[in-house]
Amino acid sequence: MGYHYAVLGAGRQGTACAYDMIKFGEADGVLLADQSLAAARASAARVNELLNTGKARPLQLDVTDHDALVAALTGVDAFLSAVPYYLNLDITRAAVEAGASMCDLGGNTDLVREQLALDAGARTAGISIVPDCGQVPGLGTTLMVYAMSLLDEAEEVFMWDGGLPQDPRPPFDYLLTFNVAGLTNEYAESPVFLRDGLPTLVPTMDELEEIEFPPPVGRLEAFTTGGGVSTMPWTFEGQLKTLQNKTVRYPGHFAQLRAFYDLGLWRTEPVRVGDQEVVPRDLFHTLFEPLVTYPHDRDVVVIRVLATGRVDGKPAEAVLDLVDFYDEATGFTAMERITGWDAAIVAAMMARGQTPRGAAPVEVAVPPELFVRELGKRGIELGTKVMMLP
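In what follows, the accompanying structure is described. Predicted model only: the values in this text are computed from it and were never measured.

1. Regarding a negative patch on the surface
Taken together, the side chains of Asp62, Asp65, Asp67 and Glu97 make up a negatively charged region of the molecular surface. Look at Asp62 and you get partly exposed, because its relative accessible area is 39%.

Set out below in structure tokens:
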């Protein structure tokens, strides 16, 4: 007996997720829903062609139509919400009503907290709600927990991650592989990390450093951005001294983008330009997006996690390295694979009953060892080292 899945939002990550649900998730069917019927049909057709199946089915759906959404989700074992994050709270309420387990691509920690407050209803419905199941937070979250599990006692956990072009183009040496609004949201919002054991608000676009990744990636720069660890600082408060992540880019990118931040181009309050009201962030999106969007360029996703602590009472560290490239066989970008497939793994876990019932964050809900095994089934290699320290 297989499972019934759904994906809300038939874009890049949603299509990759549907593909993985069918290939690895014992799917009887996947409902690909989008407000655009053309987009839903194109996504379903691509998935069906890649897998020589008819299990992906398109549906035109407005997720803000509560009754239509509940009807679409009724009978679904688990689904991914791959629509803009601000829609996810109402979708979570619909998931509880329909009795369908839900994960999403997240993006806003305050909203995630509101979703987690629906825990009692989710438990009563017998479903799992796991927000923030994208690349970071999401896959990176689980890898941080996995690195901690390799030590007897973890004290500090660091993560560096980013999506990059394999062949960077000037002037920004960056390739946009997801919604530009998500990018500026990360750049503009100050993160909360654990520093000296306490959740601490840290300035965004700050604390620049360099880090070396395995070839062919090489030396990158890293800096603070918002949202990457989501609820983890509160989950591990009192257990860890330090927990943080930084975004990685090719050298020189930080200085360029920091100038836009200092100029105020990521502000969301309108300013008057002549006789017009203009939102600076909207203007930035309009100017920046075409300069970093190259649909046929190949990308690479890199993640490094370092956990320090003790093994057998002695100082030790665990290091994880993940480097994933554009997939020539399927045409999925590295970002689509790492993001969409992460969500599909969690959705399958929920359908199989491998996650706790109720609403819980990734770091609590997703079993890390099982997750890493699932990555291996998909050919995503994870370099792992545990070393004793002097």
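2. Some words on the pairing of strand E12 (residues 242-249)
Extensive coverage of E12 is indicated by the burial of 8 of its 8 residues. Burial along E12 is two-sided: Thr242, Gln244, Lys246 and Val248 and Leu243, Asn245, Thr247 and Arg249, pointing in opposite directions, are all buried. As judged from the 6 bridges shared by strand E7 (residues 153-165) and E12, these two strands associate in the parallel manner. Pairing of Val157 across the sheet is with Leu243, part of E12. Where strand E11 (residues 218-223) and E12 come together, 3 bridges link them in antiparallel fashion. Counterpart to Ala222 in the pairing with E12 is Val248.

3. Let's talk about the pattern of salt bridges
Scanning the entire structure with this criterion turns up 19 salt bridges. Salt-bridge contacts for Arg93 lead to Asp90; the nearest nitrogen and oxygen are separated by 2.7 Å. In this pair, Arg93 and Asp90 are both assigned in helix H4 (residues 88-98), 3 residues apart and thus about one turn of the helix distant. Assessed through its relative accessible area of 41%, Arg93 is described here as partly exposed. Glu189 serves as the salt-bridge partner of Arg281, at 4.0 Å between the closest nitrogen and oxygen. Linking Arg281 in helix H11 (residues 280-288) with Glu189 in the loop between helix H8 (180-188) and strand E8 (192-195), this pair joins segments that are 92 residues apart in sequence. A residue is classified by how much of its surface remains accessible, and Arg281, at 11% relative accessible area, is buried. Through salt bridges with shared partners, a single ionic network connects Asp20, Glu26, Arg352, Glu374, Lys377 and Arg378.

4. Focus: the packing of aromatic side chains
Per the counting criterion, the structure on display carries 14 aromatic pairs. A centroid spacing of 5.7 Å and a plane angle of 75° characterise the contact between Trp266 and Phe284, whose relative ring orientation is edge-to-face. Taken together, the positions of Trp266 in the loop between helix H10 (253-263) and strand E13 (271-273) and Phe284 in helix H11 put the pair 18 residues apart, joining distant regions of the chain. For the pair Trp266 and Phe284, one class covers both residues: buried. Three or more aromatic residues link up through ring pairs in this structure, and these residues are Phe172, Tyr187, Phe223, Phe254, Phe260, Tyr261, Trp266, Phe284 and Phe288.

Basis of the calculations
- Residues numbered from 1 in each chain as written.
- Predicted model: local features only at pLDDT ≥ 70, side-chain atom pairs only at ≥ 80, totals over all residues.
- Heavy atoms only, no water.
- Patch = residues over 30% accessible without salt bridge, like charges linked within 9 Å, V, L, I, M, F, W, Y side chains within 5 Å.
- Areas by Shrake-Rupley, 256 points an atom, 1.4 Å probe, with all protein chains shown as cover.
- Salt bridge = Lys/Arg side-chain N within 4 Å of Asp/Glu carboxyl O.
- Lys, Arg positive; Asp, Glu negative; His and termini not counted.
- Charge placed at Lys NZ, Arg CZ, Asp CG, Glu CD.
- Buried < 20%, exposed > 50% of the residue type's maximum accessible area, 1.4 Å probe, protein only.
- Helix = DSSP H or I, 4+ residues; strand = E, 2+ residues; numbered from the N terminus.
- Pairing = 2+ DSSP bridges.
- Phe/Tyr/Trp six-rings, centres within 6.5 Å; stacked < 30°, edge-to-face > 60°.

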